[in-house]
Amino acid sequence: MTTIGEILQNFGYGPVDEENRKALAEILLPNLDLIAEEFYEFLSRDPVMSTYFLTPAAVEHRKATIKRWLEDLLTSKYDVAFLRRMTKVGQVHVRVKLDGHLVNAAMHFIRSFCFRLIESEADGERLSSLNATFDKLLDINLDILTISYREAEMKKIFVSQRLESALLNLSERLLHGLNLVLTLGLLAMALGVVALFGQDLVQAFTGEIEHGVIKALGSLLILWMMIELLQAEIEHLKGGRFHLKIFIELAIVALIRKLFVAALDKSDPVGFGLISGGLLTLGLLLYLATRELTERTKR
Ligand code: HEM
């Protein structure tokens, strides 16, 4: 956090300003009531700002706090305690949800109104020097009041960033977990196909050799596709693209196996027709998926 020493140095606040501050106090403090009255008038003219002071007690409190603030600005030592007091004023405005832009506008009003009072008491070089110091005092003050607004904004950004990254982390982990489940499922299925292949071989050697060999051939085809699919999934887990195409190919191969068997079993022409129709649809899907992939690689 910036110290009061750094703030004063950044604004070039020096001994001349400290002297001018005493002169400014002599000019402005006798006018505190007038300034507080005009400031309240300024606030009450605005439809938004006026809503903050609806009761006579709130109006009186407003006048008292602005007088206390100006006195503080012109007479207090600029030290850590002053910085703390002004930071608290900023926090009060943030807490009442006052738009920071309105504080800037109000500061502009105070600046112009007080300039006129200073002008009525000084002229020439003294007036320029007093005005320059008063400018600095208000700018320093506005800077401190704005710190609270900046901090409130930063807090909002920080909270939303933390929430976003927590959500991202959670979804990434969930996605990774689901991919692992998919890989395990594929592995189990591959083992199932190996078992199917074994069963087909047994059938080939013990009973109908034609049926058994054709089925075993189909199972081998499916196993081959399963290996492709597993390889694609492992690549995907390592960060590569996922290929939907391989899933369609696997479904085609499974149907081809069924078609082989149905071709041998001539008693079910409807089943044969349905399998052929399914194959045709999957072929079309594969064609579309491949075409979309080729177009994307060209781009
Ligand atoms: C030059 C700009 C302003 C200065 C120097 C200023 C100063 C102050 C001070 C010293 C307080 C008392 C803080 C405390 O309790 O410790 C305060 C409170 C407050 N200010 Fe301001 N203020 C300014 C602009 C505004 C504006 C534009 C509004 C809008 C209507 C506003 C509304 C309030 C409200 C609602 C409170 C809390 C209630 C109260 O103490 O009256 N202020 N302000």
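This is a predicted model, so every value here is computed, not measured. Within any chain, residue numbers begin from 1 and follow the written order of that chain's sequence. Given that the model is predicted, a residue must reach a pLDDT of at least 70 before its local features are reported, and side-chain atom pairs must reach 80 or more before they are shown or counted; all residues, however, enter totals for whole chains, interfaces and linings. In computing side-chain properties, one takes all heavy atoms of the structure into account and sets aside hydrogens as well as water.

Asker: I'd like a rundown of helix 4 (residues 56-75), residues and numbers included.
Answerer: Working note: α-helix, 3.6 residues per turn, so residues spaced by three or four point in the same direction. In this description a helix means any DSSP run of H or I spanning at least four residues, a strand means any run of E spanning at least two, and both kinds are numbered starting from the N terminus. One fewer than the residue count of a helix, multiplied by 1.5 Å, yields its expected span. Over its 20 residues, helix 4 extends 29 Å from the first C-alpha to the last, a length consistent with the 28 Å expected when each residue adds 1.5 Å. Buried residues in helix 4 make contact with helix 2 (15-28), helix 3 (32-45), helix 5 (80-95), helix 6 (100-119) and helix 7 (124-206). Contact definition: two residues touch when any of their heavy atoms are within 4.5 Å.

Asker: Explain the site of the ligand to me, and be specific about the residues and the numbers.
Answerer: One heavy atom within 4 Å of a molecule or strand makes the whole residue count as near it. In the region of the ligand, 20 residues are neighbours, and His 61, Arg 62, Lys 88, His 93 and Leu 98 sit closest. A 3.5 Å cut-off defines polar contacts: any pair of N or O atoms within that distance qualifies, except that in protein one atom must be a possible hydrogen donor and the other a possible acceptor, and neighbouring residues in sequence count only when both atoms are side-chain atoms. Interatomic distance of 2.7 Å between a side-chain N/O atom of Arg 62 and a nitrogen atom of the ligand. Separating a nitrogen atom of the ligand from a side-chain N or O atom of His 93 is a distance of 2.8 Å. For the shell around the ligand, the secondary structure elements donating two or more residues are helix 3, helix 4, helix 5 and helix 6.

Asker: Can you explain the coordination of the iron atom of the ligand? Please cite residues and give values.
Answerer: Coordination partners: N, O, S within 2.8 Å of the metal, 3.2 Å for Na, K and Ca; water not considered, so apparent gaps in a site are possible. Counting protein donors to the iron atom of the ligand gives just one, His 93 (NE2), placed at 2.0 Å. Along the chain, the position of His 93 falls in helix 5.

Asker: Which residues make up the side chain of Ser 76, and what values go with them?
Answerer: Here Ser 76 lies in the loop between helix 4 and helix 5. Accessible area is worked out with a 1.4 Å probe on protein chains only. A residue is then buried under 20% of its type maximum, exposed over 50%, and partly exposed in between. Ser 76 sits in the buried class, given a relative accessible area of 17%. Within the structure, Ser 76 has its side chain in polar contact with the side chain of Arg 85 (distance 3.5 Å). Each residue touching Ser 76, except ones within four places of it in the same chain, is listed here: Arg 21, Glu 71, Phe 82 and Arg 85.

Asker: For the side chain of Asp 200, give the residues involved together with the corresponding values.
Answerer: Mapped onto the elements of the fold, Asp 200 is located in helix 7. Since its relative accessible area comes to 2%, Asp 200 is described here as buried. Engagement of the side chain of Asp 200 in a polar contact is seen with the backbone nitrogen of Ala 216, the distance being 3.4 Å. Contact partners of Asp 200, with chain neighbours within four places excluded, come to Gly 212, Lys 215, Ala 216, Ser 219 and Arg 257.

Asker: For the environment of Arg 126, give the residues involved together with the corresponding values.
Answerer: With respect to the helices and strands, Arg 126 occurs in helix 7. Between the alpha carbons of Arg 126 and Asn 20 there is a distance of 9.0 Å; along the sequence they are 106 residues apart. Aside from chain neighbours lying at most four places away, what touches Arg 126 is Ala 23 and Glu 121.

Asker: Break down the nonpolar core for me, citing the residues and quoting the values.
Answerer: Leu 28, Trp 69, Ile 118 and Phe 134 are the most contacted members of the largest nonpolar core, which totals 51 residues. Element by element, the count of residues in this core is highest for helix 6, at 11 residues. Setting aside chain neighbours within four positions, we find Phe 134 in contact with Leu 24, Leu 28, Leu 73, Ile 110, Arg 111, Cys 114, Phe 115 and Ile 118. Core analysis: the next-biggest nonpolar cluster, separate from the first, contains 13 residues, Ala 190, Leu 223, Leu 229 and Ala 232 among them. Side-chain atoms within 4.5 Å are what join buried Ala, Val, Leu, Ile, Met, Phe, Trp, Tyr and Cys residues into a set we call a nonpolar core.

Asker: I'd like to hear about helix 5, residue by residue, with values.
Answerer: End to end, helix 5 covers 22 Å across 16 residues, agreeing with the expected 22 Å (1.5 Å per residue, within 8%). Taken together, the buried positions of helix 5 are Phe 82, Leu 83, Met 86, Thr 87, Gly 90 and His 93. Down the axis of helix 5, the buried set is contained in an arc of 130°. They therefore lie on one face. Away from its buried face, by an angle of more than 90 degrees, helix 5 presents the exposed residues Val 80, Arg 84, Lys 88 and Arg 95. For helix 5, the elements touching its buried residues are helix 1 (4-10), helix 4, helix 6 and helix 7. This arc is built from the directions going out from the helix axis to the C-beta atoms.

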